[in-house]
Amino acid sequence: MDWLINLLPFSYTDSVVFIGAVILGVAAGVLGAFAVLRQRSLVGDALSHATLPGVCVAFIATGAKDASTLAVGAAVAGFIGAAMILAIERTGRIRPDAAIGVVLTSFFSLGIVLLTFLANFNNANQAGLDRYLFGQAAGLLESDLVAMGSLCAVSLLLVALAFRPLKTALFDMSFAGSVGLPVRLIELAMTAMLVIAIVIGVRTVGAILMVAMLVVPTVTARQLTSRLSLLLVIAGIVGAMVGSTGALISASATLPTGPTIVIVGFCVALMAILLAPRRGVLWRSGKLLRDRRRALNEGVLIDLETALHAGAPPTTEELATLSGRPASQVKKGLRDLDRAGALRTEQGRIHLTESGAGMVHALLHQRSLWSAWLEYGWTLDIPDAREPDPRDLKSSLGDDLTNTLLQRAREGGWTAS
Amino acid sequence: MDRVVSDDLAIILTAVLLGTACGLLGPFLILKRQVLLSDAVAHAVLPGIVLVFLLFGSRAPLAVIVGAGVFAVICVLGVELIRNTGLVHADAAIGLVFPVLFALGVIGVTEFAEGVHLDLDSTIYGEIAFTPFRTWEFFGLELARSLPLLGTVTLVNLVLLILFWKELKVTTFDPSFAKVNGISPTLVSRLLLIAVAVTAVTAFESVGAILVVTMLIVPAATSYLLTVRLLPMVVVSVLVAWVAAVGGYGSAVSLDASIGGAMGMVAAFCFLLALLFAPKYGFITRTIVRTRRRSLTAGPPPSVPEPAGRRSA
Amino acid sequence: MSAASELKAPALEVRRLTASYSSRPALWDVDAEFPESSLAAIVGPNGAGKSTLLKAIVGLQPVDAGHVLIDGKPASENLDRVAYVPQRDAVDWDFPITVKEVVEMGRYREAGWISRLGQRDHELVDQAIERVGMGPFARRQIGELSGGQRQRVFIARALAQEAPLMLLDEPFAGVDARTESALLDLLLSIRDGGRTVVVVHHDIGTVRSRFDWALLLNVRTVACGPVAESLSPDSLRRAYGGSAGGSDVELGEWTG
């Protein structure tokens, strides 16, 4: 570990914190994914609180203050907490969220009670609780890094080895059980991974903020990929980057480490949610606006065609009355259509241009196709699982099927295959 | 000057008032499945407290309550916004939002407010043992200030419950029916969570965040195992909170342990008893009924009241 | 009876309604009208948008285009004239309240925010409970009820609303034939009391034999009118194609 610490261009303490934050990020990112993807993120919150009594008991029992003894105590308590959550849920009436809440508060209360015993029995003081709640990265030692690092490495190795059963169970527990996978064991392993991630992280960011470290990397990675293997890798990288960036900022601005890391993480996750390509909020709201606009323009165009068909070219007001849309909407649609060169206005009355007529024709064709699909679609033998997109039936179904469909519609008869 | 109530009584009364305030709200959190959102809100108010302190240099209850209320709303809206993107599940949205707000609060405290009577310890896990020493004067009499504060909050919660009883009931049971009938479920939910935030922040300095959350969740969950109607559920929830308050104080004194922690432990113990022995939903009760029926009929599978929560989920 | 109802003004009118889930239309240019004092059904294959249509009518589903008229006025202004009965599994039946408390919810709109129910409200609630035959069960916790009884509770709640238009989403899902028939008798008697009852249903046989009016829906309106016309063999084929019981034998039975 020495060489690594020397390699980093920071002071000794900062280097230790930096490495600790990276290990925490990787562990929480990869191992936390299995909780977040099962929608059990807040179990992580409960378990990080639940480790407190474990730490206290380990301390009372052994009198040792070294990190690994306390970590074992934390892990045991975390496991018991996880088992309690499952047990409460399985007995029936209590729903998961309440079970998580009950275990969180009960274990934490027990922890506080034990902590007062500690304070009474020997010189340990409330500072211990502070450190526990908010983390104390500065207290990390080289030996802690070695322990955290090896724990992290071993669990990552296990994830890699058991990747396929984990993936199967993650997606569909009952299927995994039906093909003979040891479901209980896998569930146990997933819980163990969560507990390990918490035990590694809780010292650095504290019990209250730990849940963010579990959630941020997976939420970020999920926006960037849909493949589990890639997701785990990205989550690990995101976790490491968030941890290290947060540690650096906190060191240079002398801010508390845990909260700084969590704030950095939140910003990263938020960016991913907003900006992710093809999925992010910005992309989708843009698409929604375009879709709405398109629907409006098409609707107004059809209304206009109907009006022209029925009589003289209408004015904007007449068109609005006729179509039953608000006048502002009709105006907006007409403006777009005008810009596209579909309209010609003579003395306030609206006509279709040649290209406008072409657009109407295409639109009507598209609609009649969709009508034909709704009516005769079931008669088609579609060789694969392709499904029609109402706005572009031709390219979603393919030319052959579209032609057959049109033919069926023309025959209009009952030509069951 | 005389203290109106003895120190012991002040602590017990504070806890009983807190238990009442929380026990009234808890059942709706359980039924609306907003238990963890309430936990998040209780944490997320911290930056509100800090900000008020930084801006006005004050810990005046009303200003702090307003500041905390604002951040409670920010927390709830933030969770809703993120969840409504459809990109993040509700649990993860909660796990994203409240830690960041809490982290901002922690940074605010450590950077700007350290050493000026705004310490994290008392905010997060409080120390109910100190409540008798923080006093207000009323007409020459000294009174632990947590009593009038929590008394007001309890009263407000009670009035809210009485006024909005039918709105709370219908939006919790059938939100879409409520919406069609002009009672907005979002509005009612938000009102409830603001009440949670106000209760939490008022109780912080006397008992701390964790005991507030405990009192919100555990008595109501216990009551849910014992009752089948809403009004009894609320009443039993308050009663369990009282048992936790009084029993917790007693055991804390005899064991010389943290009072808040002991109250939490007693509440947890009540829950455990209900989980095992509740007449209708208790684990052991149900097992006994099942075995007895099985031995009686030895034929078709018994129709024991199954964990009905699952059926409709 | 259907001939008579044709003469009356429509109690519910849907004009060119389009609604979509993530840009795929669930309803497309749907036109429909339902005459006053009729028992009407909305029928159609799976994914035809039946429940979506009900939700759009009461404003629970955002609409892309088109409008809904209740008694000739925009639905959003006339929602107090509608009693909406959601699908049974939309609520938590483990909820700790009694039958009577659920039915009381039907009076909440009338009572308004904060104020309590008055004596008249309680009378109406009791009447509604008696009317659906749930009198002996009024104080039961709702979790103890059977599927049919739960549906009766929902219908009682709608009755207590005193709204002239009642919309029911799949009330017969998951109940046995005897219960279905009993519930239908109840709905018919409600119609005879002068209300318009619109039911999302999937059993074309029942609709043909016992309903007055039907909207046949498959994303678009396939047919809308008295059952004899709207559920003609031809329109049934156009809506269901070969997918739902499409063998000619069965179609014969429907039309028979």
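Keep in mind that what you see is a predicted model, and the values were worked out from it rather than measured.

### A word on the overall build of chain B
- Regarding its fold elements, chain B presents 15 helices and two strands.
- For chain B, the proportion of contacts with a sequence separation of at least 24, taken over those separated by at least 6, is 69%.
- Accessible surface, chain B: about 11900 Å² in total, of which carbon and sulfur atoms supply 71%.

### So, the overall build of chain A
- A tally of regular secondary structure across chain A gives 19 helices and two strands.
- For a compact globule of 417 residues, the expected C-alpha radius of gyration is about 22 Å, and chain A comes in at 31 Å, more than 25% above that figure.
- Across the 417 residues of chain A, 51% fall into the buried class.
- Here chain A displays about 18800 Å² of accessible surface, and carbon together with sulfur accounts for 63% of that area.
- For chain A, the separation between the mean place of its 34 positive charges and that of its 30 negative charges on side chains is 3 Å.

### Comments concerning the interface of chain B and chain A
- On the side of chain A, 58 residues touch chain B, which itself brings 59 residues to the contact.
- The contact between chain B and chain A buries some 5200 Å² in all, and 72% of this surface belongs to carbon and sulfur atoms.
- Summed over the shared surface of chain B and chain A, the number is zero salt bridges.
- Taken together, chain B and chain A are joined by 13 residue pairs in polar contact (both at pLDDT 80 or more).
- Among the elements of the structure, helix 1 (7–31), helix 2 (35–44), helix 5 (90–112), helix 6 (120–124), helix 11 (209–226), helix 13 (259–277) and helix 14 (283–297) of chain B are those that each provide at least two residues to the side of chain B that touches chain A.
- With 16 residues, the top contributor of residues to the side of chain B that touches chain A is helix 5 of chain B.

### A closer look at the sheet that holds strand 8 (residues 196–200) of chain C
All names here are of chain C.
- Strand order in the open sheet formed by six strands is 6-7-8-3-9-10, and the pairing between neighbours is mixed. Of all the strands in the sheet, the pair left with one neighbour each is strand 6 (82–85) and strand 10 (220–226). Strand-to-strand twist in this sheet, taken as the mean axis angle between neighbours without regard to direction, amounts to 15 degrees.
- Summarising the sheet, strand 6 and strand 7 (residues 165–168) pair through four bridges and their orientation is parallel. In the sheet register, V85 faces strand 7, and the bridge partner there is L168.
- Along the sheet, helix 6 (residues 147–160) makes contact with strand 6 and strand 7, crossing strand 7 at roughly 155 degrees.

### So, the packing of helix 1 of chain B against helix 11 of chain B
Residues and elements named next belong to chain B.
- Interhelical geometry of helix 1 versus helix 11 gives an angle of 60 degrees and a closest axis separation of 7 Å. Taken as axis vectors, helix 1 and helix 11 run oblique relative to one another. Helix 11 is crossed by helix 1, and the crossing has right-handed handedness. Between helix 1 and helix 11, the residues in contact are A15, L18, G19, C22, G23, L25, G26, P27, L29, I30 and L31 and L211, V212, M215, L216, I217, A220, A221 and Y224, respectively.
- Here the contact of helix 1 with helix 11 is built from residues that sort into 16 nonpolar, three polar and no charged.

### Quick word on the packing of aromatic side chains
- Tallied over the full model, the rule gives seven aromatic pairs over all chains.
- Considering the side-chain rings of F164(B) and W113(C), the 6.1 Å spacing of their centres and the 80 degrees angle between planes classify their relative orientation as edge-to-face. Here F164(B) is found in the loop between helix 7 (146–163) and helix 8 (165–173), whereas its partner W113(C) is found in the loop between helix 4 (108–111) and helix 5 (119–131) on a different chain.
- Look at F173(B) and W93(C): their rings are 6.1 Å apart centre to centre, the planes differ by 85 degrees, and that puts the pair in the edge-to-face class. With F173(B) in helix 8 and W93(C) in the loop between strand 6 and helix 3 (99–104), this residue pair bridges two chains.

### Focus on the interface of chain C and chain B
- Across the boundary between the two partners, chain C contributes 35 residues, which contact 34 residues of chain B.
- At the boundary of chain C with chain B, total buried surface from both sides reaches about 3100 Å², with 60% on carbon and sulfur atoms.
- Contact with chain B buries area across many residues of chain C, yet P96(C), Y108(C) and W113(C) alone supply 23% of it, more than any other trio.
- Scanning the region where chain C abuts chain B turns up four salt bridges.
- A salt bridge links K169(B) to E101(C); the nearest nitrogen and oxygen atoms lie 2.9 Å apart.
- Remark: the boundary between chain C and chain B carries ten residue pairs in polar contact (both at pLDDT 80 or more).
- Counting residues per element, the ones that place at least two in the side of chain C that touches chain B are helix 3, helix 4 and helix 6 of chain C.
- Taken together, the residues of the side of chain C that touches chain B sort by class into 18 nonpolar, seven polar and ten charged.

### A look at the packing of helix 14 (residues 281–310) of chain A against helix 16 (residues 327–339) of chain A
Residues and elements named next belong to chain A.
- In contact at an axis separation of 9 Å, helix 14 and helix 16 are set at 90 degrees when each is read in the N-to-C sense. As summarised for this structure, helix 14 and helix 16 are arranged roughly perpendicular, according to the angle between their axes. Contacts between helix 14 and helix 16 involve R293, L296, N297, V300 and L301 on the former and, on the latter, Q329, V330, K332, G333, L334, D336 and L337.
- Among the residues making up the contact of helix 14 with helix 16, the classes are represented as six nonpolar, three polar and three charged.

### Here's the deal with the layout of surface pockets
Residue and element names in this part refer to chain B.
- Quantified by volume, the second largest pocket comes out at close to 1300 Å³.
- Taken together, 40 residues line the second largest pocket, and the ones lying closest to its centre are L31, K32, R33, Q34 and R83.
- Among the elements that line the lining of the second largest pocket, the one with the most residues is helix 4 (residues 61–84), at four residues.
- Across the lining of the second largest pocket, the residue classes break down as 19 nonpolar, nine polar and twelve charged.

### Overview of the sheet that holds strand 2 (residues 24–35) of chain C
Residues and elements named next belong to chain C.
- A sheet is described by the order of its strands in space; here four strands give the open sequence 2-1-4-5, paired in antiparallel fashion. Strands at the two margins of the open sheet, each flanked by one partner only, are strand 2 and strand 5 (73–74).
- One ladder, built from two bridges, connects strand 4 (residues 65–70) with strand 5; its direction is antiparallel. Among the inter-strand pairings, I70 is bridged to a residue of strand 5, identified as K73.

### Quick notes on helix 1 of chain B
All names here are of chain B.
- Spanning 25 residues, helix 1 covers 37 Å between terminal C-alpha atoms, matching the ideal 36 Å at 1.5 Å per step.
- At L25, helix 1 shows its strongest bend, of approximately 30 degrees, with the proline P27 following within four residues.
- Of all 25 residues making up helix 1, 19 are buried, and the element is well covered by its neighbours.
- Directly after helix 1, the chain includes R33, whose backbone phi takes a positive value near 55 degrees.

### A look at the domain arrangement of chain A
- Along its sequence, chain A is carved into domain 1 (2–214), domain 2 (283–352) and domain 3 (363–411).
- Taking only C-alpha atoms into account, the centre of domain 1 of chain A sits 60 Å from that of domain 2 of chain A.

### A look at the environment of G398(A)
All names here are of chain A.
- Relative to the assigned elements, G398 resides in the loop between helix 18 (393–397) and helix 19 (399–411).
- In the structure, G398 is positioned ten residues away from P388 in sequence and 9.4 Å away in space, judged by C-alpha atoms.
- Not counting chain neighbours up to four residues away, the residues in contact with G398 comprise R386 and L393.

### Topic: helix 7 (residues 142–161) of chain A
Residue and element names in this part refer to chain A.
- In this model helix 7 runs 29 Å from its N-terminal to its C-terminal C-alpha over 20 residues, within 8% of the 28 Å that 1.5 Å per residue would give.
- Listed as buried for helix 7 are D144, L145, M148, C152, S155 and V159. Taken down its axis, helix 7 places every buried residue within 115 degrees of arc, on the same side. Set apart from the buried face of helix 7 by more than 90 degrees, the exposed residues are L157, L158, A160 and L161.
- Looking at the buried residues of helix 7, the elements they touch are helix 2 (12–36), helix 4 (67–90), helix 8 (163–171), helix 10 (183–205) and helix 12 (228–253).

What counts and how
- The written sequence of each chain sets the order in which its residues are numbered from 1.
- To read the labels, note that chains go from A and ligands from 1, taken in the order they are written.
- Under the rules for a predicted model, residues below a pLDDT of 70 receive no local features and side-chain atom pairs below 80 are neither given nor counted, while totals for whole chains, interfaces and linings still include all residues.
- Only hydrogens and water are removed before side-chain values are computed, so all heavy atoms of the structure are retained for them.
- In DSSP terms, a helix is any run of H or I states spanning at least four residues, a strand is any run of E spanning at least two, and both are numbered starting from the N terminus.
- Whether two residues are in contact is decided by their heavy atoms, any of which lying within 4.5 Å being enough.
- Surface accessibility follows the Shrake-Rupley procedure with a 1.4 Å probe radius. Residue values consider only the protein chains on display as shielding.
- The globule rule used here is 2.2 Å times the number of residues to the 0.38 power, and the radius of gyration it is set against is calculated over C-alpha atoms.
- Here's how the labels work: a residue is buried when its accessible area is under 20% of the maximum for its type, exposed when over 50%, partly exposed in between, all with a 1.4 Å probe on protein chains only.
- In summary, the charge assignment counts Lys and Arg as positive and Asp and Glu as negative, without counting His or the chain termini.
- Charge coordinates come from a single atom per side chain, which is NZ of Lys, CZ of Arg, CG of Asp or CD of Glu.
- The quantity reported as buried area is the accessible area (1.4 Å probe) lost by two parts once they are put together, taken as the sum for both.
- A side-chain nitrogen of Lys or Arg and a carboxyl oxygen of Asp or Glu constitute a salt bridge if their distance falls within 4 Å.
- Here a polar contact is taken to be a pair of N or O atoms separated by no more than 3.5 Å, where protein atoms must pair a possible hydrogen donor with a possible acceptor and residues adjacent in sequence count only if both atoms sit in side chains.
- When DSSP locates at least two bridges between a pair of strands, those strands are taken to pair.
- Under this scheme, a helix contributes an axis fitted over its contacting stretch, all axes are lines through C-alpha atoms, and angles between N-to-C directions fall in the 0 to 180 degree range.
- When an angle is under 35 degrees it counts as roughly parallel; over 145 it counts as roughly antiparallel; between 65 and 115 it counts as roughly perpendicular; any other value is oblique.
- The crossing is said to be left-handed when, going from far helix to near helix, the turn is anticlockwise and less than a right angle, and right-handed when the turn is clockwise.
- In this classification, Asp, Glu, Lys and Arg are treated as charged, Ala, Val, Leu, Ile, Met, Phe, Trp, Tyr, Cys and Pro as nonpolar, and every other residue, Gly included, as polar.
- Paired rings are identified among Phe, Tyr and Trp, the last through its six-membered ring, by centres lying within 6.5 Å, and are further divided according to the angle between planes into stacked (under 30 degrees), edge-to-face (over 60) and tilted (the rest).
- Grid points spaced at 1 Å over the protein atoms alone were grouped into cavities, where a 1.4 Å probe fits but cannot get out, and pockets, open sets with protein on both sides within 12 Å along at least five of seven lines, with lining residues defined by an atom within 4 Å of a point.
- Grid points are joined across faces, edges and corners, and a volume is the space filled by probe spheres set on the points.
- Expected helix span is computed as 1.5 Å times (number of residues minus one).
- Throughout, bend refers to the angle between the axes fitted to the seven residues that end at a position and the seven residues that start at it.
- Boundary definitions for the domains trace back to an automatic or database domain assignment.
- By definition, the arc is the one covered by directions from the helix axis to the C-beta atoms.

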